[in-house]
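# Per-entry structural report
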Amino acid sequence: MTADPRPLTGEPLALDLLNTNWMHEGVLQDLLTGTEGLAVWLATNGLDGGFAADEATLRHTLRARDALRAAVDGSLAEGAAAVDEVLAHGRIRPVLSADGPGERPEFADPAWGPAWLAARNYLELLTTAPDRIRACAHENCVLHFFDTSRNGTRRWCSMAVCGNRAKASRHYARARDED
């Protein structure tokens with residue numbers, strides 16, 4: 001299995017799907033240009049055991065990414081219908097097991113599974129803390145994150161990368177102005 005090349009992983013599933021696009025040296029990258037990249041994304045998110053990295057799953061996952069991008073980067077009003085369309089391909093089924101009550105997602109077509117799970121995760125994030133769903137504040141970054149900082153003021157996808165670039169840029173601008 002190929003290693004995940006993205007600079008930011010580990011975000012909630014919906015945002016991790018958005019982060020399959022990222023900038024590298026000024027060029028937009030896309031992990032989901034084929035089924036190989038889909039296999040990497042599924043494995044990174046622990047979904048490779050239940051879903052195939054095939055063309056149908058890729059097509060549906062890209063549709064979910066577009067829907068989520070419309071909702072997150074556009075407006076909820078713009079993206080709601082597209083996210084809802086993805087959600088129409090699955091449901092939560094209440095279950096009772098030896099461990100007690102629970103829920104299990106069901107899909108008429110398993111190829112919709114990863115897309116549906118990402119859209120469902122977005123609803124969970126909206127329910128938990130919609131104001132903590134953020135795009136990186138660096139002007140050349142397209143990554144998203146869920147702000148889990150205590151005071152909710154995180155601005156960068158990564159302080160070590162984008163935050164450091166912004167600080168260095170401000171420093172050089174101040175130094176130039178002083179000359």
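Reading the values: rules and limits
- Residues numbered from 1 in each chain as written.
- Predicted model: local features only at pLDDT ≥ 70, side-chain atom pairs only at ≥ 80, totals over all residues.
- Heavy atoms only, no water.
- Helix = DSSP H or I, 4+ residues; strand = E, 2+ residues; numbered from the N terminus.
- Buried < 20%, exposed > 50% of the residue type's maximum accessible area, 1.4 Å probe, protein only.
- Contact = heavy atoms within 4.5 Å.
- Pairing = 2+ DSSP bridges.
- Salt bridge = Lys/Arg side-chain N within 4 Å of Asp/Glu carboxyl O.
- Phe/Tyr/Trp six-rings, centres within 6.5 Å; stacked < 30°, edge-to-face > 60°.

## A short note on the environment of Pro101
- Within the fold, Pro101 resides in strand E4 (residues 100-107).
- Note on Pro101: relative accessible area 76%, which makes it exposed.
- Setting aside its immediate chain neighbours within four residues, Pro101 contacts Val95 and Leu96.

## Digging into the pairing of strand E3 (residues 90-97)
- As paired strands, E3 and E4 are joined by eight bridges and run antiparallel to one another. Along E4, the bridge assignment pairs Leu96 with Pro101.
- Here E3 folds back onto E4 in antiparallel fashion, the turn holding two residues.

## Comments concerning the pairing of strand E1 (residues 21-24)
- Sheet topology note: the E1/strand E2 (residues 27-30) ladder contains four bridges and is antiparallel. Residue pairing for E2: Met23 is matched across the bridge by Leu28.
- Two successive antiparallel strands, E1 and E2, enclose a turn made up of two residues, where Glu25 displays a positive phi of approximately 50 degrees.

## Focus on the pattern of salt bridges
- The tally for this structure, following the rule as stated, stands at nine salt bridges.
- Here Arg6 and Asp4 are joined by a salt bridge, their closest N and O atoms 2.8 Å apart.
- Between Arg93 and Glu106 there is a salt bridge, and its shortest N-O distance comes to 3.3 Å. Of this pair, Arg93 sits in strand E3 while Glu106 is found in strand E4, placing the two residues 13 residues apart along the sequence.
- Taken together, the shared-partner salt bridges in this structure form one network comprising Asp4, Arg6 and Asp16.

## Topic: the packing of aromatic side chains
- Summed over all chains, the structure comprises two aromatic pairs.
- Ring centres of Phe51 and Phe107 lie 5.9 Å apart, and the angle between their planes is 65 degrees; on these two criteria the pair is classed as edge-to-face. With Phe51 in the loop between helix H2 (35-44) and helix H3 (55-74) and Phe107 in strand E4, this pair connects stretches of sequence that are 56 residues apart. Accessibility classification places Phe51 together with Phe107 in one group, the buried group.
- Ring centres of Phe107 and Trp116 lie 5.5 Å apart, and the angle between their planes is 70 degrees; on these two criteria the pair is classed as edge-to-face.

## A word on H2
- Of all ten residues in H2, seven are buried; the element is thus mostly enclosed.
- For H2, every residue scored as buried is listed here: Thr35, Gly37, Leu38, Ala39, Val40, Trp41 and Leu42.
- Elements in contact with the buried residues of H2: helix H1 (13-18), H3 and helix H5 (113-128).
- Two residues or fewer past H2, Gly46 is found with a positive phi of approximately 70 degrees.

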